[in-house]
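Residue strings, one per chain:
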Amino acid sequence: QAFSLFVKAKEVPAAGRCAGGGGGPRWRCCRQAFEELAGIHRHVALQHGRDIGQQAGLAAEVSPSSSPAPAGNGDGLNGHSCSSPEISCTLPDTSHLSYEELTSEVGEVLLYYCYCEVKDPEKLCAWQKALCQHLHLSGKVRVASEGINGTVGGSKVATSLYIEVMLSQPLFKDILGKEDFKSSAGGAHCFPDLRVGVFKEIVPMGIDPKIVSYKENGIHLSPQEFHREVEQYLSQASQGQSDTILLDCRNFYESKIGHFQGCLAPDIRKFSYFPSYVDENLELFKDKRVLMYCTGGIRCERGSAYLRSKAVCREVYQLKGGIHKYLEEFPDGFYRGKLFVFDDRYAICSNEDIISACRYCGTLWDQYKLCSSQHCRQLVLTCPSCRNKGLTACCPVCQEKELKVTSRASGQTVKEECECTRRRPRVPIEHVLQRTLDTGK
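Residues numbered from 1 in each chain as written. Predicted model: local features only at pLDDT ≥ 70, side-chain atom pairs only at ≥ 80, totals over all residues. Heavy atoms only, no water.

Novice: Would you mind going over the pattern of salt bridges in detail, with residue names and values included?
Specialist: Enumeration over the complete set of coordinates arrives at 16 salt bridges. Measuring nitrogen to oxygen at the nearest pair gives 3.0 Å for the salt bridge that ties E201 to R302. Of the two residues, E201 is situated in the loop between β7 (194-198) and β8 (219-221) and R302 in helix α11 (residues 298-309); the sequence distance between them amounts to 101 residues. Across the pair, R302 and E201 agree in class, each one buried. Bridged by salt links that share partners, the residues E146, E201 and R302 form one connected network. (Salt bridge = Lys/Arg side-chain N within 4 Å of Asp/Glu carboxyl O. Helix = DSSP H or I, 4+ residues; strand = E, 2+ residues; numbered from the N terminus. Buried < 20%, exposed > 50% of the residue type's maximum accessible area, 1.4 Å probe, protein only.)

Shown next, in the form of structure tokens:
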């Protein structure tokens, strides 16, 4: 039954087929078209066995039904009740929508998170996967006992339905609001596929949520409040009188192409290095007011909690909604450059400033490409002129290795460190006096 329901969800509505019913695909899945029942059956059996198993687990808890129910009309998959009152497994009614409306490339990318207690992460994960597949969304969704974190792309119709269903989910009631969804131009094409999974943390900081909880986070500041704080901070810092640190919680390659003026941007590769960075630089934060920010706000929730747990700062504040929400209010404010995003776009912009340069020639450039060396795959800033000269790797070591790798048999790629990673300290130590002088400038 779960197999049949999965296949039915991939059926192209009659309105989306050619007139006369003789032409056009009857099913679409994984960006492939199928005209024969045997074809879609074979594809689903080979590629979606795990998905079917998860849906079967859900279906075992609900009464069978073949007709979809509108969002909010029940607490179970396809409108029937789940045994757990905390999670509604409802899928929205899409029978009135055409295939083109659900799969249009002109759409958007949503970014959101919600910290809450989830008693059954596996069930929430299975429902999320079924919901995203039902709406033809791609992207990444992390589920844990501490909540959910997602970035998904699809048509405007599909993303609107997704928000509507998420807001009707009893698990997120009175916690998640429409304003918590950050959107930008894009669509399903911004991601290579859909990945939904259960993890220990919804943002990988590497600290057990039971030890450092999101409930111990800093004080939220609205974009307007944060803007005023940054304005005051920059004014005082120019006179060398500031007792505040404006802290970027993101990775170095994110802050490299865009950041707030006068910020401290740690030279770290992963957010999981952030706790070690704080530990190694406690003197820097002693008796300071800290203003923290990140892309959408989620890293600040746990990051501020960790910083507060050290009991060295006077006060810890965080930008609610992150840079995303700030740029909606202040596109030409104190944040300059591009905003890095974790999908195939790599960056979105709100102003014309370019604050980074080409790795090879130094020309102003801020559009990332993947390092061409298969063993590395780091991000590199290389302008069109340099790319045309064959300078497409992140460093000379990778550039040389690329020539050797291309001569090997396919499938022999091995990920290893290169010059870029070997020369960068895992956790940089900030020099307090020099940092103060730099901020003053």
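Novice: Tell me what's going on with the side chain of T159, and back it up with residues and numbers.
Specialist: Topologically, T159 is positioned in helix α6 (residues 156-168). Excluding its chain neighbours within four sequence positions, the residues that come into contact with T159 are E108, L110, L137 and G154. (Contact = heavy atoms within 4.5 Å.)

Novice: Describe the confidence of the model for the protein, listing the residues and the values that go with them.
Specialist: Summary statistics for the protein give a mean pLDDT of 84 and a share of 82% for residues scoring 70 or more. Note that pLDDT drops below 50 for residues 406-414; the model gives that stretch two contacts with residues more than four away or on any other chain. In the model, residues 433-437 has pLDDT below 50 throughout and makes four contacts with residues more than four positions away in sequence or in other chains. (pLDDT = per-residue confidence, 0-100.)

Novice: Would you mind going over the sheet that holds strand β11 (residues 289-293) in detail, with residue names and values included?
Specialist: Strands sit in the order β8-β12-β11-β9 across an open sheet of four strands; the sheet is parallel. Looking along the sheet, the strands with just one partner apiece sit at the ends: β8 and β9 (244-248). When strand polarity is set aside, the average angle formed by the axes of neighbouring strands in this sheet is 25°. Here β11 pairs with strand β12 (residues 315-319) via four bridges, running parallel. Across the sheet, M292 pairs through a bridge with Q318, a residue of β12. (Pairing = 2+ DSSP bridges. Axes fitted to C-alpha atoms, helices over the stretch in contact; angles between N-to-C directions.)

Novice: Please give an account of the packing of aromatic side chains that cites residues and values.
Specialist: Counted by the stated rule, this structure contains 16 aromatic pairs. Each ring, one from Y112 and one from F181, has its centre 5.0 Å from the other, and the planes form 35°; the classification is tilted. With a gap of 69 residues between them, Y112 in strand β3 (residues 107-115) and F181 in the loop between α6 and β6 (182-186) connect regions that are remote in the sequence. Note on accessibility: Y112 and F181 belong to one class, buried. Ring plane angle 80° and centroid distance 6.0 Å describe the contact between F340 and Y368, whose orientation is recorded as edge-to-face. One end of the pair, F340, is in strand β14 (residues 339-340); the other, Y368, is in strand β16 (residues 368-370), and 28 residues separate them in sequence. Accessibility assignment for this pair places F340 and Y368 in one class, buried. Connected via pairs of aromatic rings, a cluster forms that spans F226, F260, Y293, Y326, F330 and Y335. Cation over ring: R142 sits above F199, and NZ or CZ is 3.9 Å from the ring centre. The ring of Y360 carries the charged tip of R359 above its face, separated from the ring centre by 5.3 Å. (Phe/Tyr/Trp six-rings, centres within 6.5 Å; stacked < 30°, edge-to-face > 60°. Lys NZ or Arg CZ within 6 Å of the ring centre and 35° of its normal.)

Novice: Quick rundown of the packing of helix α7 (residues 223-237) against helix α12 (residues 322-329)? Include the residues and the values.
Specialist: The interhelical angle for the contact between α7 and α12, taken along N-to-C directions, is 85°, at an axis separation of 9 Å. Accordingly, the angle class assigned to the pair α7 and α12 is roughly perpendicular. Contacts between α7 and α12 involve P223, Q224 and H227 from the first element and K325, Y326 and E329 from the second. (Parallel < 35°, antiparallel > 145°, perpendicular 65-115°, else oblique.)

Novice: Summarise the sheet that holds strand β5 (residues 147-155); cite the residues concerned and give the values.
Specialist: One open sheet holds the five strands; their spatial order is β6-β3-β5-β4-β7, and the pairing between them is mixed. Bordering the open sheet on either side are β6 and β7, each of which pairs with just one other strand. Neighbour to neighbour, the strand axes of the sheet diverge by 10° on average, direction disregarded.

Novice: Break down unusual backbone geometry for me, citing the residues and quoting the values.
Specialist: Positive phi outside glycine occurs at D287, with the angle close to 60°. In this structure, D287 sits in the loop between α10 (282-285) and β11. Look at A311: it is not a glycine, yet its phi comes out positive at around 55°. As for its placement among the helices and strands, A311 is situated in the loop between α11 and β12.

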